[in-house]
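Examining the three-dimensional arrangement
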Amino acid sequence: MKIRRIIHGVLLVLGLSVLGLLFYYAMWLITDKDFREMMWQFGWPWNSWMVLIDYAGCCLFTTVVTLYYWRSREKAERERDKFRLQALENQLSPHFVFNNFSILADLIEVDPKRASDYLMNLSKVYRYTLSHLDHETVTLQEELAFLDRYLALLKQRFGEGIQVRVTPEVAQLQGKLPPAALQMLIENAIKHNEHTTAHSLVIDVTTDGQRISVSNKKQPITNAESTSVGQHNIVERYRLLTSQKIVISSTQDEYCVSIPLIPIE
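So, here's what we can say about the structure. Everything numeric here is computed off the predicted structure, so don't read it as measured data.

Procedures and definitions
Residues numbered from 1 in each chain as written. Predicted model: local features only at pLDDT ≥ 70, side-chain atom pairs only at ≥ 80, totals over all residues. Heavy atoms only, no water. Pairing = 2+ DSSP bridges. Helix = DSSP H or I, 4+ residues; strand = E, 2+ residues; numbered from the N terminus. Salt bridge = Lys/Arg side-chain N within 4 Å of Asp/Glu carboxyl O. Buried < 20%, exposed > 50% of the residue type's maximum accessible area, 1.4 Å probe, protein only. Polar contact = N/O pair within 3.5 Å; in protein donor to acceptor, adjacent residues only side chain to side chain. Patch = residues over 30% accessible without salt bridge, like charges linked within 9 Å, V, L, I, M, F, W, Y side chains within 5 Å. Areas by Shrake-Rupley, 256 points an atom, 1.4 Å probe, with all protein chains shown as cover. Core = buried A, V, L, I, M, F, W, Y, C linked by side-chain atoms within 4.5 Å. Contact = heavy atoms within 4.5 Å.

1. Focus: the pairing of strand S6 (residues 247-250)
Sheet topology note: the S6/strand S7 (residues 254-260) ladder contains 4 bridges and is antiparallel. Bridging from a neighbouring strand, Ser-249 pairs with Cys-256 of S7.

Next up, the structure:
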């Protein structure tokens with residue numbers, strides 16, 4: 001497999017070098033009037049050795065550019081794999097698993113029907129996580145369907161302590177985003193803010209037509225340690241996908257992360 005790849009690379013360099021050499025001569029012919037007149041009077045000015053030297057120079061230049069491109073691409077792929085793994089680890093963390101199964105165990109005792117519904121949502125959340133995090137992007141509709149199941153788990157776990165309000169305009173948008181991006185932003189808000197039934201945490205998911213914003217009033221947890229792993233994960237995944245930037249706004253009272261929708265090609 002490695003030998004075949006090397007052969008393909010050599011053939012690619014040789015082919016591109018031929019095209020580059022022809023382009024070089026063509027541009028010289030087009031832009032240099034004196035050269036054109038000399039061509040008409042005396043014919044082709046270079047012998048085969050001169051052409052061979054020019055071709056060798058094109059091969060060297062093409063090889064350098066091709067190696068740089070391949071190494072940059074491999075580095076980007078390694079970074080994508082790293083951030084996908086981090087996202088997967090966040091979803092399958094022991095703390096997340098323990099909390100969900102503890103709730104499920106309690107529900108089985110008191111309300112088997114609700115336990116069945118909870119288990120169904122939980123299985124769909126994990127199925128989405130395992131099947132989509134190897135994708136660079138998913139459609140907004142896929143992400144919102146996943147988010148609905150995740151919010152159902154939050155409702156069962158925190159009751160009225162967590163309220164996530166998704167405006168209807170969000171569902172009408174068309175576009176793509178990294179898998180679990182919205183869920184990770186909501187999870188980030190929950191990790192860093194107090195939330196009780198008496199003092200619920202309200203998280204708003206809104207849009208301006210081009211971007212989706214996840215915002216909440218600050219209710220900081222005292223002495224909470226912030227690693228910002230989830231948010232950093234999303235920022236880096238966007239960096240690898242598009243030139244559009246994530247916008248983070250933090251005021252005294254509110255925290256907001258705005259992510260761009262990637263157009264569907």
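2. Focus on the pattern of salt bridges
Counted under the stated rule, the structure contains 3 salt bridges. A salt bridge links Lys-155 to Glu-160, with the shortest nitrogen-to-oxygen separation between them at 2.4 Å. On the accessibility criterion, Lys-155 (45% relative accessible area) is partly exposed. Two residues, Asp-204 and Arg-165, come together in a salt bridge whose shortest N-O distance is 2.7 Å. Remark: Arg-165 occurs in strand S2 (residues 162-166) and Asp-204 occurs in strand S4 (residues 201-207); sequence separation between them is 39 residues.

3. Comments concerning unusual backbone geometry
Here the phi dihedral of Ala-180 falls at roughly 65 degrees; this positive angle occurs in a residue that is not glycine. Secondary-structure assignment places Ala-180 in the loop between strand S3 (176-177) and helix H8 (181-192).

4. Overview of the environment of Ser-258
As for its position among the elements, Ser-258 is in strand S7. In this structure, the C-alpha to C-alpha distance between Ser-258 and Lys-245, residues 13 residues apart in sequence, is 8.9 Å. At 3.4 Å, the side chain of Ser-258 and the side chain of Ser-213 are in polar contact.

5. Some remarks on a nonpolar patch on the surface
Residues Ile-3, Ile-7, Val-10, Leu-11 and Leu-14 make up a contiguous nonpolar surface patch of about 470 Å² in total accessible area. The partly exposed category is assigned to Ile-7, whose relative accessible area is 45%.

6. Overview of the nonpolar core
Counting 43 residues, the largest nonpolar core has Leu-182, Ile-186, Ile-190, Ile-212 and Ile-259 as its most contacted members. Contributions of two or more residues to this core are made by helix H4 (94-110), helix H5 (112-132), helix H6 (140-158), H8, S4, strand S5 (211-217), helix H9 (229-241) and S7. Examining the composition of this core, we find that 9 residues originate from one element, H6, more than from any other. Ignoring any residue separated from it by four or fewer positions in sequence, one finds Ile-186 in contact with Leu-147, Tyr-150, Leu-151, Leu-154, Val-164, Ile-203, Val-205 and Val-214.

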